[in-house]
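Summary of the model geometry
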Amino acid sequence: MNERRYLLRTFGCQMNEHDSERIAGLLTADGYVSTEDASDASVVVFNTCAIRENADNRLYGNLGHLRPLKQKNPRMRIVVAGCLAQKDGGTIQQRAPWVDVVIGTHALPGLLDLLHRAETGGPQMDVSEVTEVFPSALPALRGVSHHAWVSIAVGCDNACTFCIVPLVRGPQRSRSIGDVLAEVQGLARRGVVEITLLGQNVNTFGRDLTVPGSPRKPLFAELLRAVNEVEDLRRIRFTSPHPHDFTPDVIDAMAESDKVCEHIHFPLQSGSDRVLKAMQRSYRRERYLEWLERIRAAIPGIAVSTDIIVGFPGETGDDFGETLDLVRRARFDQAYTFQYSPRPGTRAATMEDQVPKPVVQERFDRLVALQEAIALEGMRAQVGSTAEVLVEGTGRKGRTQGRTRTNRLVHLDGEHAPGTFLDARIVAAHPHHLDGELVRETVAVG
Ligand code: SAM
Ligand code: SF4
C-alpha cells in the first residue's frame, strides 16, 4: 500500500469546494497523492456541510463505512473538516472515536500540523472561532485548470432564522480588493479563463473594510470592474447577491463589464411576505420582482436562478400559493428547491407550527413540477440560437459538456478538451440541459 495517498470527499456548497481545493493543496504540498479508493488511502478527509439535517446522517453513515477499514489499517487517518466539524466539535469523536482529526472552518491552515500530532498524540481537534489566515492564502490544487473559485469574503453578518451559516462560518470578513485582484491575476496567468467570486452576501463585500460612519459604500461593484480588467480572463461569475442589499451600481457594473456573464443567482427563499419576515429576510416580494425587472432590462437575455425553501415553520397554504405565484411571474431559468430542515441553534428550529413532512413534500412536488415546466420553456426558447460554450469535460454518455455564459448546460458530440471555447448551435431543449451542434472551436485550450 502506498503510504501517502489521500481521499477527499466534499459535501455542500461552492465555499466547501473552494476549501477542498486548499485541503488538496496542503496535502499535495506535503507529498500526498490523491486516490478514489478508501482502502488505498492513508488519509481520508470528509469536508462536510451543515445546511440541512440529512448532512449529519450522511456523515455518520460514511464514518461507519470507514470503521472496518480503520480497524484493518490503524495507521489510516480520518479527518472531518468543514461546517459540521465546526458545529459538532467533540461530539464527532464521541460518536465516532475512530476519527483522528476534527478541524473547523477557521482552522484549515493547521491541517498538516494536526495530522502530524495525531500520529503520536491521538485524536486532535481545532474548532477555534477566529479566521487568522484566509483559506485563499493556502496552496490550492484544482480539479480543473480553466476554472477557479475565488473567495472574496468569509462568514455572514445576517441572521436568517433558518440558517446555520453565521454559526459555523462566523461574521463576515472581506479580503481586500488588492488581495483578490492579485489572486485573480495569478490565476489568469496560469491559464484560468473563468472565475466564480464567492461570498455569502457579495453585496456587502467590503462593508467590514470601510470606515464605520463614513459614507463609503460596499465595494462589490468596484471589485467587479477591477476584476473585469484582468488580462486573459474570459468569464466572471459570482454567488450570491442578497436581494436586500442589492444596489443599482452592481447592475451597472454587470452591464458594463464584458467578462461578467449574463447569469445571476438571486436567492428568493419564499414568495410570501409573511414568511420572508419570519425568515428575517428583509426584502418583500414586490421589491424582489422590481429588482428582477431592473436587472433584466439592463442585461438583456440574462438567466436567473434562485433558491427556494418550502415548509418554513408557519407556512400556510396561502403562503405557499404566494410562492407559486411569484415563481410564475419571475420565470426563473433554474431553481434550487429545498425542504425546510430545522438546524439546532437557529431561531426557526424552535418556532411553533413546524409544517408536517407530508404537507412539505406535497408542496415541494408541486413547486418542482411548476418550475420544471417554466425551465423547459426557457430552454426551448434557446433552440435555433448559437451560443459560446466553455467546455467542462465529458458526461456519462461520453458526450462533451460545457456551459454558456448564461450558465446553461450544453451537451454535444465530439471530443473537446476542458477549457476549450466553442460556438454551438442549439438544436434541442431539456429541462436541465440543451443539445448543441458544433459550429466552430473559437479558442482551443493552450
Ligand atoms: N447566503 C446565501 C443566501 O443568502 O441566499 C445562502 C447560502 S446557503 C449555503 C444556500 C441555500 O441553502 C439557501 O439559499 C437556502 O435556500 C438553503 N438553506 C439554508 N438553510 C436551510 C435550511 N435550514 N433548510 C432548508 N434549506 C436551507
Ligand atoms: Fe444564511 Fe442568510 Fe447569511 Fe445567506 S444571508 S448565509 S441565508 S444567514
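Relevant structure appears above.
This one's a predicted model, so the numbers in the text were calculated from it and none came from an experiment.

Quick word on the side chain of Asp-319
Structurally, Asp-319 can be placed in helix 12 (residues 317–330). For Asp-319, a relative accessible area of 6% corresponds to the buried category. A polar contact of 2.9 Å, which involves the side chain of Asp-319, links it to the backbone nitrogen of Thr-316. The contact partners of Asp-319, leaving out residues within four places of it in the chain, are Ser-272, Arg-274, Val-275 and Gly-314.

Here's the deal with the environment of Val-144
You can see Val-144 is positioned in the loop between strand 6 (124–126) and strand 7 (147–151). Residues Val-144 and Glu-290 lie 146 residues apart in sequence; the distance between their C-alpha atoms is 37 Å.

Overview of the site of ligand 1
Around ligand 1 there are 14 residues in total, and Phe-162, Gln-200, Gln-269, Asp-307 and Ser-341 lie nearest to it. One nitrogen or oxygen atom from the side chain of Gln-269 is found 2.7 Å from an oxygen atom belonging to ligand 1. At a separation of 2.8 Å, a nitrogen atom of ligand 1 approaches a polar backbone atom of Ser-341. When isolated, ligand 1 has an accessible area of 570 Å², and the protein chains bury 91% of it. Mapped by element, the contributors of at least two residues to the shell around ligand 1 are strand 13 (303–310) and strand 14 (334–339). Considering only residue class, the shell around ligand 1 consists of 6 nonpolar, 4 polar and 4 charged.

Calculation notes
Residues numbered from 1 in each chain as written. Chains lettered and ligands numbered in written order. Predicted model: local features only at pLDDT ≥ 70, side-chain atom pairs only at ≥ 80, totals over all residues. Heavy atoms only, no water. Helix = DSSP H or I, 4+ residues; strand = E, 2+ residues; numbered from the N terminus. Buried < 20%, exposed > 50% of the residue type's maximum accessible area, 1.4 Å probe, protein only. Polar contact = N/O pair within 3.5 Å; in protein donor to acceptor, adjacent residues only side chain to side chain. Contact = heavy atoms within 4.5 Å. Near = heavy atom within 4 Å. Areas by Shrake-Rupley, 256 points an atom, 1.4 Å probe, with all protein chains shown as cover. Nonpolar A, V, L, I, M, F, W, Y, C, P; charged D, E, K, R; others polar.

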